[in-house]
Amino acid sequence: MALVEYEGQTYTIAPGETVLDGLLRNGVQAAHACKAGSCGSCMLRAGKGTIPARAQSGFKESWKAQGYFLPCVCVPETDIAVTRVGTDVQLGASITSLELLSPDVMRARLRCDSPIAFHAGQYVTILREGPLARSYSIASLPDESEIELHIRKIAGGRMSGWFHHAAAVGDRVSVLGPSGECFYVPGREEQPILLVGTGTGLAPLYGILRDALRHGHRGPIHLFHGALHKGGLYLVEELRRLAARHKHVEYTPTVLNGSESDGMAVGAIDQVVLNRFPKLAGWRAYVCGDPGIVQTLRKKLFLSGISIREIYADAFLPAACS
Ligand SMILES: Cc1cc2nc3c(=O)[nH]c(=O)nc-3n(C[C@H](O)[C@H](O)[C@H](O)COP(=O)(O)OP(=O)(O)OC[C@H]3O[C@@H](n4cnc5c(N)ncnc54)[C@H](O)[C@@H]3O)c2cc1C
């Protein structure tokens, strides 16, 4: 059993238990979301004790040296003393605009207190009122002065509900990140690119598509955006105009229930993609949104010939809150 010292109190961590689970079990209001070592929202800083390597995996050397670690994947082997992280890893940000793109999707723009370096398509974790933390993909480009997020309204959702019903221009949040590997890597400008997303899975793809064009990508780029029905799609006219301006860009809005006479493909998005492109050897793919669809597509795209190393995916997993 290890002891963890946190804000003047000492808590016991059971054998095999993570620091985060131990703190939560003891009633500590610690920020967390994914509980899987990816969103970074639970990050703490160790003042004494040894941190297992897994809890600092992928961190910059400077962060490791300062004792930052992820308590959600840290099973302590020694007693440790920890503190919350400060503004050195979390940035303050103000909401500068809120605009409904469809009845269920809010475009929120945020201006960070200091510039944040990111690749289009990565995600940030937004923190509000202390422990509430959720990840959102970045739809904007790195050289734009504000970060753009597309937030889908979830029934009973604490963060999305706040953005849809209570947030106002000028409200403050904290931003952690960026994280994620789902972004355009310049080079191989002739390679065909497939972008497939459902719902707000369009957010990272909207950034990646524009980033690829900005970098002069010349190979074909095909974007499929899927929703259950027509009302679930958004930015349709803007994307049609963008495709019309670039001969090598194609855009296929796709609905599960609807009519082709509306200019949409109809059917399950994985089927629509594979009917159009049954052989995909040599392509690069980005797949984002609903976790089930992301998992299915990864498998089917691989079986259609795309190397697993060329499939970049972000599944919008719900927060694992206790
Ligand atoms: C890497 C990553 C990137 C993401 N990017 C985006 C993004 O760009 N845009 C976006 O809108 N979301 C995105 N998400 C999802 C987002 O982080 C939140 O999970 C989502 O907004 C719900 O949070 P909430 O606080 O509103 O709901 P919560 O309070 O967490 O959940 C309320 C209830 O709804 C359920 N629930 C949660 N999510 C869903 C869902 N998708 N479908 C059905 N039920 C659900 C929960 O189980 C719970 O019962 C991303 C997630 C990850 C991991």
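Structure: above.
What comes next concerns the included structure. (Residues numbered from 1 in each chain as written. Predicted model: local features only at pLDDT ≥ 70, side-chain atom pairs only at ≥ 80, totals over all residues. Heavy atoms only, no water.)

1. Some thoughts on helix α6 (residues 269–276)
For clarity, the threshold we go by: Residue exposure (1.4 Å probe, protein chains only): buried if accessible area is under 20% of the type maximum, exposed if over 50%, otherwise partly exposed. Secondary structure follows DSSP: runs of H or I at least 4 residues long count as helices, runs of E at least 2 residues long count as strands, and numbering of each begins at the N terminus. Contacts were defined at the residue level, with two residues in contact if any of their heavy atoms lie within 4.5 Å.
Every buried residue belonging to α6 is among I269, D270, V272, V273 and L274, and all of these are buried. Of the surrounding elements, those touching the buried residues of α6 are β12 (193–198), β13 (221–227), β14 (249–255), β15 (265–266) and α7 (291–303).

2. Things to note about empty space enclosed by the protein
Rolled over the atoms, a probe as big as a water molecule pinpoints where empty space is left. Keep this limit in mind: Cavity means a closed set of points on a 1 Å grid over the protein atoms alone, one where a 1.4 Å probe fits but cannot get out, pocket means an open set with protein on both sides within 12 Å along at least 5 of 7 lines, and lining means a residue has an atom within 4 Å of a point. Grid points are joined across faces, edges and corners, and a volume is the space filled by probe spheres set on the points. Any residue outside Ala, Val, Leu, Ile, Met, Phe, Trp, Tyr, Cys, Pro, Asp, Glu, Lys and Arg is labelled polar, Gly included; the first ten of those are nonpolar and the last four are charged.
Taken as a whole and assessed by the stated rule, the structure comprises 1 cavity of 30 Å³ or more. If you add up the space inside the largest cavity, you get close to 30 Å³. Going through the elements one at a time, β12, β16 (284–289) and α7 are the ones with two or more residues in the lining of the largest cavity. Looking at the lining of the largest cavity residue by residue, the classes come out as 6 nonpolar, 2 polar and no charged.

3. Examining a nonpolar patch on the surface
Applicable threshold: Patches here are clusters of residues that have more than 30% relative accessible area and form no salt bridge, with a 9 Å joining cutoff for like charges and a 5 Å cutoff for nonpolar side chains (Val, Leu, Ile, Met, Phe, Trp, Tyr). Each accessible area is a Shrake-Rupley result for a 1.4 Å probe, and residues are judged covered by the shown protein chains and nothing else. Throughout this description, the term salt bridge denotes a Lys or Arg side-chain nitrogen within 4 Å of a carboxyl oxygen of Asp or Glu.
On the surface, a cluster of nonpolar side chains totalling about 330 Å² of accessible area is made up of F302, L303 and I308. Tracing the backbone through its elements, the reader meets F302 in helix α7. F302 sits in the partly exposed class, given a relative accessible area of 45%.

4. Thoughts on the sheet that holds strand β1 (residues 2–6)
For clarity, the threshold we go by: Strands qualify as paired when DSSP identifies two bridges or more between them.
Across the sheet, 5 strands lie side by side as β2-β1-β5-β3-β4; this open sheet has mixed pairing. The open sheet has two edge strands with one neighbour each: β2 (9–13) and β4 (68–69). Taken together, the 5 bridges between β1 and β2 define a ladder with antiparallel strand orientation. Each residue of the ladder has a partner; that of V4, found in β2, is Y11.

5. A short note on the pairing of strand β9 (residues 132–137)
With 5 of 6 residues buried, β9 lies mostly within the body of the structure. Judged from the 6 bridges that link them, strand β8 (residues 123–128) and β9 form a sheet pairing that is antiparallel. Across the sheet, R128 pairs through a bridge with L132, a residue of β9. Here β8 folds back onto β9 in antiparallel fashion, the turn holding 3 residues, of which E129 has a positive phi close to 45 degrees.

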